[in-house]
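Inside the fold
Below are the chains, spelled out letter by letter.
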Amino acid sequence: MARNDFQGSLDLLVLKTLSQTGKLHGYGIVLHIQRASDELLRVEEGSLYPALHRMEQSKWISSEWALTETNRKAKYYKLTAAGRKQLQEAEASFEQLVKGIRAIMQFA
Amino acid sequence: MSLVRRIANLFSRARVEHDIDLELESHIAMRIDDNIASGMSAAEARRDALLRFGNATSTRESVASTEMALSLDSLWFDVRYAVRQLRRSPWFAITAVVTLALAIGANAVVFSVLNAFLLRPLNVPHAESLYALFHQGDAGLSYLDYLDLRDRNRSFESLAAYNVAQAGLDTGKEPSRAWIYETSGNYFDALGILPSIGQFFHSSDEQGLNSAPYIVLAYAYWQSHFQADPKIVGRVVLVNKHPFTILGVAPAGFHGTLLFFNPDFFVPLVNLQEVQGVNNLTARGKTTVFMTIGHLKPGVTQTQAVTDLNSVGLYLEKTYPKEHGKFTFTLGLPNLYGDYIGRPVKAFMTGLMLLAGLTLLAACANLGSLFAARAADRTREVALRLALGSSRKRILRALFTEAVLISLLGGAAGLGGSIVLLHELSAWQPFSRWPIHLTVNPDANVYAAALLLTLVSGFLFGAVPIRQVLRTNPYEIVKSGHAGTGASPRRFNIRDILLVVQIAVCALLVTSSMAAVRGLARSLHSDFGFETENRMMLDTDLSMANYTGDRVPAMQKRIIEAVKGIPGVESVGLADTVPLGDGSIDANVFADTTADLRSSNAAADPYVFKVSSDYFDAAGTPLLSGRAFSAHDDKNAPRVAIVNREFARRLFGSAPQALGRYYKTSDGTRIQIVGLVQDGKYASLTEDPAPAMFLPILQVPSSQTYLVVHSKRDPIQLGPSIRSTLLKLDSGLPVEIQTRYSGLDALLFGPRMATISLIVLGLMGAMLSMIGIFGMAAYSVSKRLRELGIRMALGAQRREVLQAALGRSIKLLSIGSAAGLVLGILAGRVLAYVVDQATARDPLVLAGVVMIMAILGVLATWVPAQRALSVEPISLMREN
């Protein structure tokens, strides 16, 4: 269960990252999340890639091979329309979750 | 993920994995690049990147498994799971597989036959544009009419004609009888085929009568009778004692243009006189051509062709009013002799396919209810899996995998069996006398159909328990601790309906097969107008040994005398053709007062038989009044005839008035009626009463010779003595000897095959519904054992227990049987089309069906009933 919950937040992080950066490869996503969270969150490659492929199967993201700035071939992912919708839903439910947790923490 | 990609992934696992590897490698490479940029050494950068990445292999595996979800790997998992499930209940698995194997096998056989009869085109190039000409339901034409049609039509590329006949072939050894095609010179060219060796004859070889003494061998005949001798071309053989040169051999796959009727060789029609001893080529009224066929020109439609042909017909009508009535044409496929055989075969095959399909449906219903029962038994397991987080989709997938696995196993077994059966059928030659080969071996069509049926049926019965699984409420079931009874005891549920449908189908099959058997039995013993008991029939054509003119009657007289001399022979009759024989001849007759002898003025179109004086006696056809023919009714005596009642009724209103009266034939000859015989069957067993006239063969000689021999001795013993007697008269005369009864083989072939197929389907239906009732009864008994135990403990009688346990099954059986019986009665009409006199309204059939269904019921519920009765309340109570 716990892993599932993490998976849900990983999806959210990836979708959000792609919505902010447009097109990005797996390594770029790892770096972005790390930097944007001020090194608080570190995404494990072992979870990231299965998640990317799963999301691609769900048609939330699409992929294509392209060259990086340093001329390496890398697989770039970008958000699809379905992914954008999914992101909105995930964001909404994340807000709910945070609100709920905050309410409980502040209770007393 | 799209289905296409999923399927593509199945076949491209290597590519997918390679893709993943590349992606992960590029990830690590980019990390190394960054590490180096931040000042690490190359080795250090690499070590750090790998360390940070973690276990690359496991990552790759987990990505790959995500990619492969719902693909090969998980499919394999499902298959293994399904196999485990099936191995846990082997009887269920075996029953299911056997049931399906039978149903799919039956469908594959029926479809193969249908495919071979109706779907597979003739083995000639562009068979789709090849049509045969029919007029007023007939294919036959006179040779002169054919020539006019060939030359005047504008729709056919080349119009060819042929006639089917027999001839004696003498290759220097023993003369043998062969089936031949007498064809127009353009036959092979019109069909567009090329010889396997040598060459064909062509139109240019036709230079008038008897100008083309050539033969072309059929490939199979070349192999069987000439040992596939490649130097055969140019060899001279004797056809009916006339020298003919073998020009070539037809290609291997070519068996003539009539389905299943495989000729031995081909000769030019212009040589008809030499081949058959008669020359009808110059008579416009004589039907010599059996069938006219040709490829339509490109762009010409059937309608245009018919219009074109009809305009030629109109010309012929106007030019030769005496010989022609209305001449309107239709086009048909030559395969099954147009509508003659085509229509009933089509109707029957469609009906049979329908029944076979119903059998498969019944099997599916059967398996569906078995599956539903299993699903009900596994409700707890399903609930548990649902509660543990398995998705309903996954559970359904497992169920379907099980169903499809069973259907594939059953389909493979069924197809295997049917291939063996069809192979036997293709090798079988039902008539020794006819060159009939039923090549019904399965082809790609059949395999595709079988696979489709297999998959469809798998999904069909696999789908039955879907609702059950979807409705399962895991919390309720896990909480309450029992799985529910599956079937509610009162309301009819889907399984009951399936069972009723299945039993109805079974009862329909049983009804049809019983009606067919009864019909066939009645056909065999119906009044043919002649006797078959203790009658031998000998069949030859004197022209095969080159008897012509006056030598024919003389030889026929010698044959009769010689056979009469064989001990035990009572009487011997001779005819040019016999009722219900190989072919029927008819002719127009006119009232004596009619002067206008055009066919539109004909008073009747009776069958014509030319017979010897003792024929009626020998054939067992009773003479009602008047006299039989005598040796004095010869060419010098006034023309006389004996007619049947129907003939008398058509021409003179009633039978008694006919005796002594006159009528005319189309050439104006006046004939006096001297005798009256009873009606009979002449061309088919199903025909309505038809007029027939018998003429003394001495007045109208014919070299075609059928000898009907009536003897006290066992006809089988008589055969050899007849043969040796004839051999002494002329060793060069090929003859066929058979009992009069087996002479009806060809006519009874269709009904017999129909009856056999219906019996097989009926038996299968019976088996299926027995399994169905058994499954249902056994299931309901095992579900209600506790309840039955309580009832017994409370003092219920055996009868009451049985009623509680099996009442429902019996009720369903009765409803299904009744429905099937009604359907059977309704289907009787279709059945009567193929099997003469088949009707389900026969009290014996009705009673038989009811009895069979009752017996099935008893057999199927026997074991469950015993189990219900042997319930021991105490032990059952203790168990819980």
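Rules and cut-offs
- Residues numbered from 1 in each chain as written.
- Chains lettered and ligands numbered in written order.
- Predicted model: local features only at pLDDT ≥ 70, side-chain atom pairs only at ≥ 80, totals over all residues.
- Heavy atoms only, no water.
- UniProt positions renumbered as here; feature names shortened; annotations may be inferred.
- Phe/Tyr/Trp six-rings, centres within 6.5 Å; stacked < 30°, edge-to-face > 60°.
- Helix = DSSP H or I, 4+ residues; strand = E, 2+ residues; numbered from the N terminus.
- Buried < 20%, exposed > 50% of the residue type's maximum accessible area, 1.4 Å probe, protein only.
- Lys NZ or Arg CZ within 6 Å of the ring centre and 35° of its normal.
- Axes fitted to C-alpha atoms, helices over the stretch in contact; angles between N-to-C directions.
- Parallel < 35°, antiparallel > 145°, perpendicular 65-115°, else oblique.
- Left-handed = near helix turned anticlockwise from the far one by under 90°.
- Core = buried A, V, L, I, M, F, W, Y, C linked by side-chain atoms within 4.5 Å.
- Contact = heavy atoms within 4.5 Å.

An unreviewed UniProt entry lists chain B under the name Permease, with Acidisarcina polymorpha given as the organism. Recorded in UniProt for chain B, the comment headed Subcellular location (unreviewed entry) runs: "Cell membrane". For the record of chain B, the UniProt heading Sequence similarities (unreviewed entry) holds the text "Belongs to the ABC-4 integral membrane protein family."

An unreviewed UniProt entry lists chain A under the name Transcriptional regulator, PadR family, with Acidisarcina polymorpha as the source organism.

**Here we look at the packing of aromatic side chains**
Enumeration over the complete set of coordinates arrives at 31 aromatic pairs over all chains. Relative to F265 of chain B, the ring of Y221 of chain B has its centre 6.2 Å away and its plane inclined at 50°; by these criteria the two rings are tilted. With Y221 of chain B in helix α9 (residues 219-226) and F265 of chain B in strand β8 (residues 265-268), the pair connects residues that are 44 residues apart, well separated along the chain. We note that Y221 of chain B, like F265 of chain B, is buried. Each residue in the set Y162, Y181, Y187, F188, F200, F201, F254, F266 and F290 of chain B is aromatic and connected to the rest through ring pairs, giving one cluster. The ring of Y76 of chain A is capped by K23 of chain A, whose NZ or CZ atom sits 5.3 Å from the centre of that ring.

**Quick word on the packing of helix α6 (residues 90-119) of chain B against helix α14 (residues 392-427) of chain B**
All names here are of chain B. The N-to-C vectors of α6 and α14 enclose an angle of 45°; their axes lie 6 Å apart at closest approach. The orientation of α6 relative to α14 falls into the category oblique. Between α6 and α14 the crossing geometry is right-handed.

**Some points on the nonpolar core**
Residues Y187, L217, F265, F266 and F694 of chain B are the most contacted members of the largest nonpolar core, which totals 159 residues. At 15 residues, the largest contribution of residues to this core is made by α6 of chain B. Excluding residues that lie within four positions of it along the chain, F266 of chain B makes contacts with Y181, T183, Y187, F188, F201, Y214, I215, V216, A218, A250, F254 and G256 of chain B. In this structure, V14, V43 and L87 of chain A together with A64 of chain B belong to the second largest nonpolar core, which totals 31 residues.

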